[in-house]
Amino acid sequence: MNRLSTDKRAQIIGCLVEGNSIRATVRITGAAKNTITKLLTDLGAACAAYQDRVLVDLPCETIECDEIWSFCYAKQKNVPLEHQGTFGYGDVWTWTAICADTKLVPSWLVGERTTEDGMAFMRDLKDRVRGRIQLSTDGHQAYRGSVPYVFEPDEVDWAQIHKIYRSQQVAPGRYSPPACIGTKVTVRLGDPDPSRVSTSYVERQNLTMRMGMRRFTRLTNGFSKKVENLAHAVSLHYMYYNFGRTHQTLQITPAMAAGVADHRWSLKEIAGLLD
């Protein structure tokens, strides 16, 4: 990476965090494909380490969690026999948490949609918040096998939201579910405030991920070939989202709103994590 100037790194980072694929970034910046990939892996690791260190003792009180689907190497149905059942081939899920007040994303996990990964995700989230939180999740069964075993009863007020869909046959190849005609809220722990039980912010964050990372765009050949590169891309994305991107409703970055940054990071500063 010594051959790249900070300005060149910043240009490449700007392309990647705005939803361009590796090959599109090659065409825009003129940098070699392998150079861009190495920058992504090195900087992704640096971004993960930095956020792991500073996103602690957070004042977040209202947290929403969700999981977003993607795939690596090949679609699940096309995974070769010798790789079936191996993580990193086929379906990959990214668990995300967002603070409803500061819009900070304090925790995420690239893994599988299992109770074991749900436990790891919840442990990480618990270690980053300062006190008792209100937690909203969807109805995924893995939360019932993880949240009560990670949080003590006096540490969380938790409710699950179950969406009710109109019964209709979904056409082949269609991604969107049938029309949602209502929701059912189930209180699982504590006494959550009904007015704050929601997954709207975290579901909107899923759209931000699909717009900001080409690897998450549906119906494209820009998917990750290696799960490690997907994880690096997610770390870089959240470094930019948390520290470098002004939130439209806040007019400051989520990191500034949460008190873990005193200014908006430039792309050069993000690139400087490698220095």
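Refer to the structure above for everything that follows.
What counts, and where the lines are drawn
- Residues numbered from 1 in each chain as written.
- Predicted model: local features only at pLDDT ≥ 70, side-chain atom pairs only at ≥ 80, totals over all residues.
- Heavy atoms only, no water.
- Helix = DSSP H or I, 4+ residues; strand = E, 2+ residues; numbered from the N terminus.
- Core = buried A, V, L, I, M, F, W, Y, C linked by side-chain atoms within 4.5 Å.
- Buried < 20%, exposed > 50% of the residue type's maximum accessible area, 1.4 Å probe, protein only.
- Contact = heavy atoms within 4.5 Å.
- Patch = residues over 30% accessible without salt bridge, like charges linked within 9 Å, V, L, I, M, F, W, Y side chains within 5 Å.
- Areas by Shrake-Rupley, 256 points an atom, 1.4 Å probe, with all protein chains shown as cover.
- Salt bridge = Lys/Arg side-chain N within 4 Å of Asp/Glu carboxyl O.
- Lys, Arg positive; Asp, Glu negative; His and termini not counted.
- Charge placed at Lys NZ, Arg CZ, Asp CG, Glu CD.
- Pairing = 2+ DSSP bridges.
- Axes fitted to C-alpha atoms, helices over the stretch in contact; angles between N-to-C directions.

Let's shift gears to the environment of Asp127. Within the element layout of this structure, Asp127 appears in helix α4 (residues 115–128). For the pair Asp127 and Asp57, spaced 70 residues apart in sequence, the C-alpha to C-alpha distance is 7.9 Å.

Our next topic: the nonpolar core. The nonpolar side chains of a soluble globular protein tend to be buried, and buried together. The biggest cluster of nonpolar side chains holds 64 residues, and the ones touching the most others in it are Ile63, Cys65, Met122, Leu135, Leu236 and Ile270. Sort the elements by how many residues they give to this core and helix α8 (residues 227–244) lands first, with 10 residues. Not counting residues up to four positions away in its chain, the partners in contact with Ile270 are Ile13, Leu43, Cys47, Leu236, Met239, Tyr240 and Trp265.

Bringing a positive patch on the surface into the picture now. On the surface, Arg23, Arg27, Lys33 and Lys225 cluster together into a patch of positive charge. With respect to the helices and strands, Lys33 occurs in helix α3 (residues 33–54). Judged by relative accessible area, which is 38%, Lys33 ranks as partly exposed.

Turning to its location among the elements, Ser70 is positioned in strand β1 (residues 62–72). Ser70 sits in the buried class, given a relative accessible area of 2%. Discounting chain neighbours no more than four positions away, the residues touching Ser70 are Gly90, Asp91, Val92, Phe216 and Leu230.

Okay, the sheet that holds β1 next. Pairing within the open sheet is mixed, and its 6 strands lie in the order β3-β2-β1-β4-β5-β6. At either end of the open sheet lies a strand with only one pairing partner, and these are β3 (107–111) and β6 (180–189). Direction aside, neighbouring strands of the sheet carry axes that sit 20° apart on average. As defined by bridge partners, strand β5 (residues 156–165) adjoins β6 across 8 bridges and the pair is classed as antiparallel. Bridging across to β6, Gln160 finds its partner in Thr186. Its contacts with the sheet put helix α7 (residues 200–212) on β1, β2 (90–99) and β5, and the angle it makes with β1 is roughly 35°.

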